[in-house]
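# Summary of the model geometry
For reference, the chains in residue letters:
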Amino acid sequence: MKDSAFKREDKIPMTKEEIRYISLGYLEINNAKKMLDIGAGTGSVSFEALLSNKHLLLTAIEQNKAAYDLFLANMDLFNQQEKNISNRIRLINDKAPTAEIEEKFDRIFIGGTGSNVKEIINWSYDLLEENGILVMNFITIENFYESLSYINEHRGFAKAEGGLVSINKFADIGPYQYMKPNNPTFILKTIKL
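So, how was this worked out
Residues numbered from 1 in each chain as written. Predicted model: local features only at pLDDT ≥ 70, side-chain atom pairs only at ≥ 80, totals over all residues. Heavy atoms only, no water. Axes fitted to C-alpha atoms, helices over the stretch in contact; angles between N-to-C directions. Helix = DSSP H or I, 4+ residues; strand = E, 2+ residues; numbered from the N terminus. Parallel < 35°, antiparallel > 145°, perpendicular 65-115°, else oblique. Left-handed = near helix turned anticlockwise from the far one by under 90°. Contact = heavy atoms within 4.5 Å. Buried < 20%, exposed > 50% of the residue type's maximum accessible area, 1.4 Å probe, protein only. Core = buried A, V, L, I, M, F, W, Y, C linked by side-chain atoms within 4.5 Å. Pairing = 2+ DSSP bridges. Phe/Tyr/Trp six-rings, centres within 6.5 Å; stacked < 30°, edge-to-face > 60°.

Here helix α1 (residues 17-26) crosses helix α2 (residues 44-52) at 60 degrees, and the two axes come no closer than 10 Å. On the basis of their axis angle, the class for α1 and α2 is oblique. The crossing of α1 and α2 is right-handed. Only Ser44, Val45, Glu48 and Ala49 of α2 make contact with α1, whose side of the interface consists of Arg20, Tyr21 and Leu24.

Regarding α1, the residues found buried are Glu17, Glu18, Ile19, Arg20, Ser23 and Leu24. For α1, the elements touching its buried residues are α2, β4 (105-110), β5 (128-138), β6 (161-165), β7 (168-173) and β9 (185-191). Of the residues flanking the end of α1, it is Glu28, one or two places downstream, whose phi is positive at about 50 degrees.

It is characteristic of soluble globular proteins that their nonpolar side chains tend to be buried jointly. Grouped together as the largest cluster of nonpolar side chains are 29 residues, with contacts concentrated most on Met35, Phe47, Leu56 and Leu58. Listing elements by their share of this core, those giving two or more residues are α1, α2, β2 (57-61), α3 (65-81), β3 (89-92) and β5. Sequence-distant contacts of Leu58, defined by excluding residues within four places in its chain, comprise Met35, Ser46, Ala49, Leu50, Arg88, Ile89 and Arg90. Counting residues in each nonpolar core, the second largest holds 26 residues, with Ala96, Phe144, Ile151 and Phe186 among its members.

Our focus in this paragraph is the pairing of strand β8 (residues 176-181). Within β8, only zero of the six residues are buried, which leaves it mostly out in the open. With six bridges joining them, β7 and β8 adopt antiparallel strand pairing. Paired with Ala171 across the strands is Tyr178, a residue of β8.

Counting buried positions over the nine residues of α2 gives seven, a clear majority of the element. Taken together, the buried positions of α2 are occupied by Ser44, Val45, Ser46, Phe47, Glu48, Ala49 and Leu50. Those residues of α2 that are buried are in contact with α1, β1 (34-38), β2, α3, β3 and β4.

One open sheet holds the seven strands; their spatial order is β3-β2-β1-β4-β5-β9-β6, and the pairing between them is mixed. Of all the strands in the sheet, the pair left with one neighbour each is β3 and β6. Ignoring strand direction, the axes of neighbouring strands in this sheet form an average angle of 15 degrees. For β4 and β5, the ladder comprises five bridges, and the chain directions are parallel.

As enumerated under the stated definition, the model contains five aromatic pairs in all. Between Phe47 and Phe71, the aromatic rings sit 5.0 Å apart at their centres with planes inclined by 40 degrees, giving tilted as the arrangement. Taken together, the residues span a long stretch of sequence, with Phe47 in helix α2 and Phe71 in helix α3 at a distance of 24 residues. Phe71 gets classed as buried once you look at its relative accessible area, which sits at 0%. Their ring planes at 80 degrees and their centres at 5.2 Å tell us that Tyr125 and Phe157 sit as a pair that is edge-to-face. Of this pair, Tyr125 sits in helix α4 (residues 117-127) while Phe157 sits in the loop between α5 (141-153) and β6, placing them 32 residues apart in sequence. Judged by relative accessible area, which is 5%, Phe157 ranks as buried.

In structure tokens, the structure reads:
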């Protein structure tokens, strides 16, 4: 889906379309049954996943009230386009890793962590089924490095794979076009052993 398909607000970040494609590919979303989206923001990853897999059930967590409200607005928008998409979503306005969730997931996506990445990774490990896939996106070097190191030291996860993705898109500048850069994004994938 194009980024323009989503309702947006300036202060609320959104996972850009090319990063969504790569992240959902790492998640092997077409084979997923139940997914948890941590730091759901606008819901761009959630809705792209739900539209890609018509059988997927999704739980999304967002702690920021403005982002939570924007997710709801996007849910209304996509519910009009794709009837009953909201029946496959459970949205929680809370903070990971303190949100009370008792179910297990075969896919977890972490799009936002704040400063407690180790706690969120441990919490995700507990919520992930055996052989479940965990994919994380980071724009800060510190959170990326801390997560990569922690996953590779964690005995319950396979060695992390992934990389740094940098996307530049055509944009107008007067009568010309140039390549406008988006934030480079680190993407990590691991599997629960």
